[in-house]
Structure formats: C-alpha cells, structure tokens
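The lines below spell out each chain.
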Amino acid sequence: QKEVEQDPGPLSVPEGAIVSLNCTYSNSAFQYFMWYRQYSRKGPELLMYTYSSGNKEDGRFTAQVDKSSKYISLFIRDSQPSDSATYLCAMKGYGNKLVFGAGTILRVKS
Amino acid sequence: NAGVTQTPKFRILKIGQSMTLQCTQDMNHNYMYWYRQDPGMGLKLIYYSVGAGITDKGEVPNGYNVSRSTTEDFPLRLELAAPSQTSVYFCASSYPGPREYEQYFGPGTRLTVT
C-alpha cells in the first residue's frame, strides 16, 4: 500500500464548476499537509498548507484535513481555465521528508 | 532573484554515459533536494542536503551521487546511465525546520537515456 494515494485523473470540468481533489494516506505520523500546483513543463509550486486537522481558505481555494479518516481535500470554487494543471498533495511528519501523491491532472474547459 | 535554476533543460544520454545535472539557488536556503518525477508516480526523493558538506540518501538514491560544497549549489551526478533513469529531475530548496514543507522548485531537467 502506498503511503499517499491520489487519483491521477484526468479530471475535466466546465469553467465555473466547483472542483474537489482528494488524497488518502496511511501514516498517522503526518502532521503537515500541502497542495502543490504544477503547470505543464514547470516545477511544482506551493499552493496551500495546513497544519494538523481543519480547514484553510485562500481566495477560491479551500484545503481540508480530516486526520481521523486520513483524508485531505482541495476545493476550487469558480474554476477557471488558468487552473488547468496537475495538483499534487504532499505530507510530512516531524523530522521527516515530504511524501508526494501521484498528482491529479485537472482540465478546466472554457 | 532567480530562485532555483537548473541546467540543462533537456538531455539525451546513451546507456553507460555519465552526466551532471546542475542546480543553483539564490535564496540562501540551507536545505536542498533532488527529486525525480515519472508519469503517474509523483515526486520521489533521490538525495537531500541540510547544509554545505552534508548530504543524505532519499528514497531512490541508487545510480546517483551528490555533493554540496556551497550553500548555493547542489549538483546531481549520474554514473553509467541506464534507461530506468529516464525521467524529469527537479531540484528544490527550503528553509530548515518547521518551514521545510515550503519547497521552491526549479524548472526541471528532462533526461532520456537510450
């Protein structure tokens, strides 16, 4: 079993839709939960970060962490064509290195 | 402020050849990392460094070597290239400790071994 599971997609949605991206994990020691966005032929960039459980909102983006279910989500409201990218979840425990999911390819059609 | 830069952008190697992937950062980050990204597999950590003169293995170190003589530079050496090393290689850097989750990535090097 992989430490972090993420559906690779692709996920295709119309412009303006609400997008839900998810990851599950098996390591209960993870405390830091991140979402990185990667445009085609570019390096990943940090989009959202959450420590432990709870929600965090930044503009059209909301990150949720449910440690009891070992499940994290990223919601994108009013999706735009410019949101088309690969979204990678990443996690780490204290003193450990980041563990990345496989990434979900998102396509927002105008 | 260029961030993390990587050279070359693309390279084709023959089996058995060697090469060095260059990585430089200008953010004065202590921590630097090398990842490889294969389709559908996410990012796998090859090697990392917590400061000049200190390096350690990640998840997939076999076939690679690194050195860190300065804070800015973290080259990755491939010896005896194999087709299994065909991948996209990313260098990243971060501050130490609690901010280690915030990693800054370079644009990547696309390597093909034939």
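The structure reproduced in this document is the subject of the present report. All figures in this text were calculated on a predicted structure; none of them were measured in a lab.

1. With respect to the side chain of Thr50(A)
In step 1: Residue position: Thr50(A) is located in strand β5 (residues 45-51).
In step 2: Residues contacting Thr50(A), with those up to four places away along its chain left out, are Gln31(A), Tyr32(A), Phe33(A), Lys56(A), Ala63(A) and Val65(A).

2. Side note on the side chain of Lys97(A)
In step 1: For Lys97(A), the position within the fold is in the loop between β9 (85-92) and β10 (99-100).
In step 2: Judged by relative accessible area, which is 18%, Lys97(A) ranks as buried.
In step 3: Here Glu100(B) takes part through its side chain, which lies 2.6 Å from a polar atom of the side chain of Lys97(A).

3. So, the sheet that holds strand β6 (residues 54-58) of chain A
Residue and element names in this part refer to chain A.
In step 1: Taking strand neighbours across the sheet as the criterion, the five strands line up as β1-β3-β8-β7-β6 in an open arrangement whose pairing is antiparallel. Looking at strand neighbours, the two that pair on one side only are β1 (4-5) and β6, the edges of this open sheet.
In step 2: The sheet contact formed by strand β7 (residues 61-66) and strand β8 (residues 71-76) spans six bridges and is antiparallel. Each bridged residue has a counterpart across the sheet, and for Thr62 the counterpart in β8 is Phe75.

4. Details of the state of the cysteines
In step 1: By the definition in use, this model includes two disulfides over all chains.
In step 2: One disulfide in the model links Cys23(A) with Cys89(A); its S-S distance is 2.0 Å. Residues Cys23(A) and Cys89(A) share a disulfide whose torsion about the S-S bond is about -100 degrees; that sign makes it left-handed. Residue Cys23(A) is found in strand β3 (residues 19-25), and its partner Cys89(A) is found in strand β9; the two are separated by 66 residues along the sequence.
In step 3: On the basis of relative accessible area, Cys23(A) is assigned to the buried category, the value being 1%.
In step 4: Given a relative accessible area of 0%, Cys89(A) falls into the buried group.
In step 5: The side chain of Cys23(B) participates in a disulfide bridge whose partner is Cys91(B); the two sulfur atoms lie 1.8 Å from each other. Judged by the sign of its S-S torsion, about -70 degrees, the bond between Cys23(B) and Cys91(B) is left-handed. Here Cys23(B) is found in strand β3 (residues 19-25), whereas its partner Cys91(B) is found in strand β9 (residues 87-94), with 68 residues between them in sequence.

5. Brief notes about the interface of chain B and chain A
In step 1: The partner chain A presents 19 residues to the 21 residues of chain B that form the contact.
In step 2: Buried surface at the junction of chain B and chain A, both sides included, amounts to about 1600 Å², of which 60% is carbon and sulfur.
In step 3: The interface formed by chain B and chain A includes one salt bridge.
In step 4: Linking Lys97(A) and Glu100(B) is a salt bridge whose minimum nitrogen-to-oxygen distance equals 2.6 Å.

The rules behind the values
- Residues numbered from 1 in each chain as written.
- Chains lettered and ligands numbered in written order.
- Predicted model: local features only at pLDDT ≥ 70, side-chain atom pairs only at ≥ 80, totals over all residues.
- Heavy atoms only, no water.
- Helix = DSSP H or I, 4+ residues; strand = E, 2+ residues; numbered from the N terminus.
- Contact = heavy atoms within 4.5 Å.
- Buried < 20%, exposed > 50% of the residue type's maximum accessible area, 1.4 Å probe, protein only.
- Polar contact = N/O pair within 3.5 Å; in protein donor to acceptor, adjacent residues only side chain to side chain.
- Pairing = 2+ DSSP bridges.
- Disulfide = S-S within 2.5 Å.
- Buried area = accessible area lost by both parts, 1.4 Å probe.
- Salt bridge = Lys/Arg side-chain N within 4 Å of Asp/Glu carboxyl O.

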